Amino acid sequence: MPLPSPLSASLAANPVAKLREALAQTHGISSCSLPFGIGLMDKRLATGGVDGAGLHEFAAASSSLNDDAAATLFLAGIAARFAANTGQTVCWAMTTFDLYAPGLEQVGLGPEKLLYAQGRKDVDVLAIAEDALRDGSLACVIAEVKTADMTATRRLQLAASDGQTPLLLYRRHRARERCPLSSPSSAMTRWRIGCMPSERLPWPGVGRAHWQVELVRQRNGDPFSLELEACDAKGRLALPAASGDRAAAPRRTDARNSAISRAA
Amino acid sequence: MREMGRRSEHAEHPFKAMPSDEGCGGACLSTLSWAALWGKPTVLVLRTGQRDVITAACPVALDLGLRPGMVVAHARALVADLDVKDAEPDADSALLDRLALHAARHWTPTASVSGENGLWLDLTGTTHLFGGERRFCRRLLAFLKRLGFTARIAIAGTPGAAHALARFGDSDVVLLEAGQEAQAMADLPLAALRLEPEALASAARFGLERIADLYPMPRAPLARRLGLKTVERLDQARGLVAEPIMPVVATEAPIVTRHLLEPIGTPESITQVISDLVDDLVVMLLERGIGARMVLLTAVRVDGEPQRLEVGASRATRDARHLKRMFGLRLAQLEPGLGIETMHLAVPYHEPLGAEAIGALLETSRKGHDLAPLVDQMTARAGEAALFRLSSHESDVPERATTRITPLKTPTGWPSWKRPVRLLRRPELLTNVVALMPDHPPRRFTWRRQDYRVVAGDGPERIHGEWWRTGREKWATRDYFRVEAEGGQRFWLFRRGDGVDADTGDLSWHMHGLFG
């Protein structure tokens, strides 16, 4: 009669956790992940944050330029926090240059931390990103592409884990209705970001922006969707205050009542 | 007072130097032709102490009686429309150094700079390559004429005699047979012997003017009166004492070569040879204390066709691994054809590179901070212009606020006014705008065939045109607003004009950027 192996014995005790552990060992998942600092989010992410040696895909929720800007700021904020952790440079590779650097500086990605690389085609951008990842002297690499197939993302994922550098792959919209995240990919996480109305202020100004942050897919975890407040000057996100703690929105009836009471 | 009328006195009275009317002939003609050729008289001046002194004068100025050594104020008093320019002794000597290097590379291995305005070339055994001494002199004169110089050449047995004859001889080209130096120099002034100024002054006091005056004098009293140096110079010029020329040495670009036994054509063998060459080169660079900014690989094929491969470095480097990787990236551009016989690796452009502290040993982080290798690698892949950083440019107009700089420079940031993350290439016109003038954001507008209702807005932020650029921007004003539409879209838009003065703009609304 064969003796039960230690693996099968431990499997019997807590099968799922043990299997995950074994998987993590074989895949060489590093522990250097960057938490968002929001408990609700970090708890649901399998690695407790953005994995520091993996491929992450981002896309705008719709093909409108506003969602595009929101997604850009979201990944710029993550890159800024990676750069602030290690004090290194971020490489941003793209084909068409329409970024506005003063705006990026306002989420913590200053010009001294940012190196731009412009390729002629998506293939060039992917090659530049792979070079940058394998070099390993960067805090983070951002690549903006319209197309990246399964082979390309697999290569990038391997390069990221070789160079221990995270890659934030921004998939821009090609067509109006088709979401770029619908094609298969070997990314660790896939995110979809959209604009939400900001909270109304008691005066006629624009408040802190709100985003719909949707984790479409992640390895070893479940998708989720959250409404978050946009990046601050250091790239940190925040949860909106619970509705009970919010400042009261200006109400016309209140103003009228107070005016009447003052007049009276 | 006795010295006043001497021949060696160069500063003559200016009015005496004017050409006289009778028997003018050649002198008159030459004056006219020089004036016609050169136009305004020009002098170069150098500030010495409290005054500007002429160091050189053009032929027109010389004809007008201006001499090197005169004070500029004096010269200006004599000649009204005098063109005075600053002398640049450093640039002159740099040019002379370059000429000496050129001579050392092209005409003779032993060449050096002589004084402030001359070159010494040791022509022993080299002139036959150029068709004899006389033809060589003609070629040299033509070469210098093309460069814009007038030159005088003397070929003599000793450097001293050549120096004297070139400066004080009677024709532009003097060829002297060996052993005739003393005779040829006899009539020249003492200044031709490169004597010290004190020695010249005392010689003038003794009434010695020409070199021939020194020949019969006893050597011991001569040495006592005019200094031992004078005797030495005299002996050197006559060939009694040797005078070596210290040649300029051209720094050669580092180059290593491998001749191959058999032609090679496979990528593996080519990579192997390149890696051997790089190893040799790194040792050479280390010895000289330099780093390569550009490395040029020349592969000579069997059919004699050279194949060139160039690798640039954004910072001086002699890292063998880095250089090998850079060549590996470019290897596909090499066409071996029937095979490569010889490979050279040269460094056409290098910079000094000293020892550096190794930060990585002290660093606790696993990653290096040095971006230069990565920048080189990405430049090799995507091209020089593809890699850049953005730095601030001092302008309030948003589209002019950024400027591209090279990756290894340090950029500066921007003031922290609210700015969008993406900027439209050109501002786009908005239609159907409803806004309260003059300083409220619009209530609604249409952009790209879509209607937006604005629920909140910040602004205006007024930005004036840059009147120093164009006349159109003289009064132009933009009022920027940050607005949020009903669905949560946040825009950056502006109105031309301040809403009060019609000169500042036509009150049209434009979309310029997007906030996330």
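Given the structure is predicted, the values throughout are model-derived calculations rather than measurements.

Peer 1: Please clarify how a negative patch on the surface should be interpreted in this entry.
Peer 2: Among the surface-exposed residues, Asp-86, Glu-88, Asp-90, Asp-92 and Glu-116 of chain B lie close enough to one another that they form a single negatively charged patch. Looking at the element boundaries, Glu-88 of chain B is found in the loop between strand S3 (83–86) and helix H5 (89–106).

Peer 1: Is there a simple way to explain the packing of helix H10 (residues 219–226) of chain B against helix H11 (residues 228–238) of chain B in this structure?
Peer 2: Two measures define how a pair of helices packs: the angle their axes make with one another and the distance between the axes. Residues and elements named next belong to chain B. H11 packs onto H10 with a crossing angle of 125° between their chain directions and a minimal axis gap of 6 Å. What the angle tells us is that H10 and H11 run oblique. Packed against H10, whose contacting residues are Arg-219, Leu-222, Ala-223 and Leu-226, the element H11 presents Leu-228, Thr-230, Val-231, Asp-235 and Arg-238 at the interface. For the contact of H10 with H11, the residue count by class is five nonpolar, one polar and three charged.

Peer 1: How do you make sense of the interface of chain A and chain B when you look at a structure like this?
Peer 2: Accessible area lost upon the coming together of the parts serves often as the stated size of an interface. On the side of chain B, 56 residues touch chain A, which itself brings 57 residues to the contact. Both sides of the chain A and chain B interface together cover about 4500 Å² of buried area, and 56% of this is carbon and sulfur. Three residues stand out in chain A for area buried against chain B, namely Asn-66, Tyr-100 and Val-206 of chain A, and they jointly supply 17% of the buried area on that side. Between chain A and chain B we count six salt bridges in total. With a closest N to O distance of 2.9 Å, Arg-422 of chain B and Asp-68 of chain A form a salt bridge. There are 21 residue pairs in polar contact (both at pLDDT 80 or more) connecting chain A and chain B. Here the side of chain A that touches chain B gets eight residues from one element, more than from any other, and that element is helix H4 (residues 65–86) of chain A.

Peer 1: Teacher, can you tell me more about the packing of aromatic side chains here?
Peer 2: What characterises a pair of aromatic rings is the spacing of the ring centres plus the angle enclosed by the ring planes. Taken as a whole and judged by the stated rule, the model has 21 aromatic pairs over all chains. Here the aromatic rings of Phe-58 of chain A and Trp-191 of chain A are separated by 6.4 Å at their centres, their planes lie at 10°, and the arrangement is stacked. You can see Phe-58 of chain A sitting in strand S3 (residues 55–60) and its partner Trp-191 of chain A sitting in strand S8 (residues 189–196), a full 133 residues away along the chain. On the numbers, 6.2 Å between centres and 80° between planes, the contact of Trp-107 of chain B with Phe-136 of chain B is edge-to-face.

Peer 1: Is there a simple way to think about a nonpolar patch on the surface in this case?
Peer 2: A surface patch of nonpolar side chains, amounting to about 250 Å² of accessible area, comprises Leu-95, Leu-147 and Phe-149 of chain B. Mapped onto the elements, Leu-95 of chain B comes out in helix H5.

Peer 1: What is the right way to look at the pattern of salt bridges in this model?
Peer 2: A pair can form between side chains of opposite charge whenever their charged atoms are brought close. In the structure shown here, the tally under the stated rule is 41 salt bridges over all chains. The shortest N-O distance in the salt bridge between Glu-57 of chain A and Arg-171 of chain A comes to 3.1 Å. Of the two residues, Glu-57 of chain A is situated in strand S3 and Arg-171 of chain A in strand S7 (residues 167–171); the sequence distance between them amounts to 114 residues. Each member of the pair, Glu-57 of chain A together with Arg-171 of chain A, is buried. For Arg-325 of chain B, the salt bridge identified is with Asp-135 of chain A, shortest N-O distance 3.8 Å. Residue Arg-325 of chain B is found in helix H13 (residues 320–330), and its partner Asp-135 of chain A is found in helix H6 (residues 122–135); the two belong to separate chains. If you follow the salt bridges from partner to partner, you end up with Asp-68, Asp-98, Glu-144 and Arg-172 of chain A together with Arg-422 of chain B in one network.

Peer 1: Looking at this structure, how should I read the environment of Met-150 of chain A?
Peer 2: Residue and element names in this part refer to chain A. Assignment of secondary structure puts Met-150 in helix H7 (residues 150–163). Judged by relative accessible area, Met-150 falls into the partly exposed class, the value being 39%. For the pair Met-150 and Ala-187, spaced 37 residues apart in sequence, the C-alpha to C-alpha distance is 9.4 Å. Dropping the residues within four chain positions of it, Met-150 is found in contact with Pro-184, Ser-185 and Ser-186.

Peer 1: Quick question: what am I supposed to make of the sheet that holds strand S20 (residues 509–515) of chain B here?
Peer 2: The pairing of strands in a sheet comes from backbone hydrogen bonds and takes either a parallel or an antiparallel form. Residues and elements named next belong to chain B. A sheet is described by the order of its strands in space; here seven strands give the open sequence S14-S20-S19-S18-S17-S16-S15, paired in antiparallel fashion. Of all strands in the sheet, those bounded by a partner on one side alone are strand S14 (422–429) and strand S15 (431–435). Each strand axis lies, on average, 30° off the axis of its neighbour in the sheet, ignoring direction. When S14 meets S20, the two strands line up antiparallel, connected through four bridges.

Peer 1: Can you walk me through the sheet that holds strand S4 (residues 89–94) of chain A in this structure?
Peer 2: Strand order in the open sheet made by the ten strands is S10(A)-S9(A)-S8(A)-S3(A)-S7(A)-S6(A)-S4(A)-S5(A)-S12(B)-S13(B), with mixed pairing throughout. Unpaired on one side and paired on the other, strand S10 (224–229) of chain A together with strand S13 (402–405) of chain B mark the two borders of the sheet. Strand-to-strand, the axes of this sheet are offset by a mean angle of 25°, without reference to chain direction. Of the strands in this sheet, S3, S4, strand S6 (138–145), S7, S8 and strand S9 (210–218) of chain A are in contact with H4 of chain A, which crosses S8 of chain A at around 125°. Contacting S4, strand S5 (114–118), S6 and S7 of chain A, H6 of chain A crosses the sheet at an angle of about 170° to S6 of chain A.

Peer 1: Is there a simple way to explain the state of the cysteines in this structure?
Peer 2: Linking two cysteines covalently through their sulfur atoms gives a disulfide. Residue and element names in this part refer to chain A. Scanning the model with the defined rule gives zero disulfides over all chains in all. Cys-91 takes part in no disulfide bond, and the closest cysteine sulfur, belonging to Cys-140, lies 9.5 Å away. According to the relative accessible area criterion, Cys-91 is buried, its value standing at 0%.

Peer 1: Mind showing me how you'd approach the environment of Glu-310 of chain B here?
Peer 2: Residue and element names in this part refer to chain B. Residue placement: Glu-310 occurs in strand S10 (residues 306–317). Considered as a pair, Glu-310 and Thr-298 are twelve residues apart in the sequence and their alpha carbons are 8.7 Å apart. Other than its neighbours up to four places away in sequence, Glu-310 contacts Met-294, Val-295, Leu-296 and Arg-330.

Peer 1: What exactly am I supposed to notice about the confidence of the model for chain B here?
Peer 2: Caution is warranted with low-pLDDT regions, since their predicted coordinates should not be read in detail. Residues and elements named next belong to chain B. Per-residue confidence for chain B averages 86 on the pLDDT scale, and 90% of its residues sit at or above 70. Below pLDDT 50 for its whole length, residues 1–5 participates in two contacts with residues either more than four positions away or in separate chains. For residues 22–32, every residue scores under 50 in pLDDT, and the model assigns this stretch one contact once sequence neighbours within four places are set aside.

Peer 1: So what exactly am I meant to see when it comes to H6 of chain A here?
Peer 2: Note that an α-helix has 3.6 residues per turn; residues three or four places apart therefore point the same way. The first and last C-alpha atoms of H6 of chain A sit 20 Å apart over 14 residues, in line with the 20 Å expected at 1.5 Å per residue. Listing the buried residues of H6 of chain A in full gives Asp-122, Val-125, Leu-126, Ile-128, Ala-129, Glu-130, Asp-131, Ala-132 and Leu-133 of chain A. Those residues of H6 of chain A that are buried lie in contact with S4, S5, S6, H7 and S7 of chain A together with helix H15 (372–382) of chain B. A positive backbone phi angle near 80° is found at Gly-136 of chain A, which sits one or two residues after H6 of chain A.

Peer 1: Any chance you could explain a positive patch on the surface here in plain terms?
Peer 2: All names here are of chain B. Together, Arg-134, Arg-135, Arg-138 and Arg-139 make up a positively charged patch on the protein surface. Structurally, the position occupied by Arg-134 is in helix H6 (residues 133–147). Residue classification places Arg-134 among the partly exposed positions, given a relative accessible area of 49%.

Peer 1: Would you mind going over unusual backbone geometry with me for this structure?
Peer 2: The general pattern is negative phi for most residues beyond glycine and trans for most peptide bonds. Residue and element names in this part refer to chain B. Looking along the chain, the bond that leaves Met-437 and enters Pro-438 is cis, with omega of -5°. Tracing the sequence through the fold places Pro-438 in the loop between S15 and strand S16 (442–447). A cis amide bond, omega 0°, links Gly-459 with the succeeding residue Pro-460. A positive phi angle is found at Asn-432, which is not glycine, with a value near 50°. For Asn-432, the position within the fold is in strand S15. By relative accessible area, Asn-432 is classed as exposed at 57%.

The rules we used
Residues numbered from 1 in each chain as written. Chains lettered and ligands numbered in written order. Predicted model: local features only at pLDDT ≥ 70, side-chain atom pairs only at ≥ 80, totals over all residues. Heavy atoms only, no water. Patch = residues over 30% accessible without salt bridge, like charges linked within 9 Å, V, L, I, M, F, W, Y side chains within 5 Å. Areas by Shrake-Rupley, 256 points an atom, 1.4 Å probe, with all protein chains shown as cover. Salt bridge = Lys/Arg side-chain N within 4 Å of Asp/Glu carboxyl O. Lys, Arg positive; Asp, Glu negative; His and termini not counted. Charge placed at Lys NZ, Arg CZ, Asp CG, Glu CD. Helix = DSSP H or I, 4+ residues; strand = E, 2+ residues; numbered from the N terminus. Axes fitted to C-alpha atoms, helices over the stretch in contact; angles between N-to-C directions. Parallel < 35°, antiparallel > 145°, perpendicular 65-115°, else oblique. Contact = heavy atoms within 4.5 Å. Nonpolar A, V, L, I, M, F, W, Y, C, P; charged D, E, K, R; others polar. Buried area = accessible area lost by both parts, 1.4 Å probe. Polar contact = N/O pair within 3.5 Å; in protein donor to acceptor, adjacent residues only side chain to side chain. Phe/Tyr/Trp six-rings, centres within 6.5 Å; stacked < 30°, edge-to-face > 60°. Buried < 20%, exposed > 50% of the residue type's maximum accessible area, 1.4 Å probe, protein only. Pairing = 2+ DSSP bridges. Disulfide = S-S within 2.5 Å. pLDDT = per-residue confidence, 0-100. Expected span 1.5 Å × (residues − 1).

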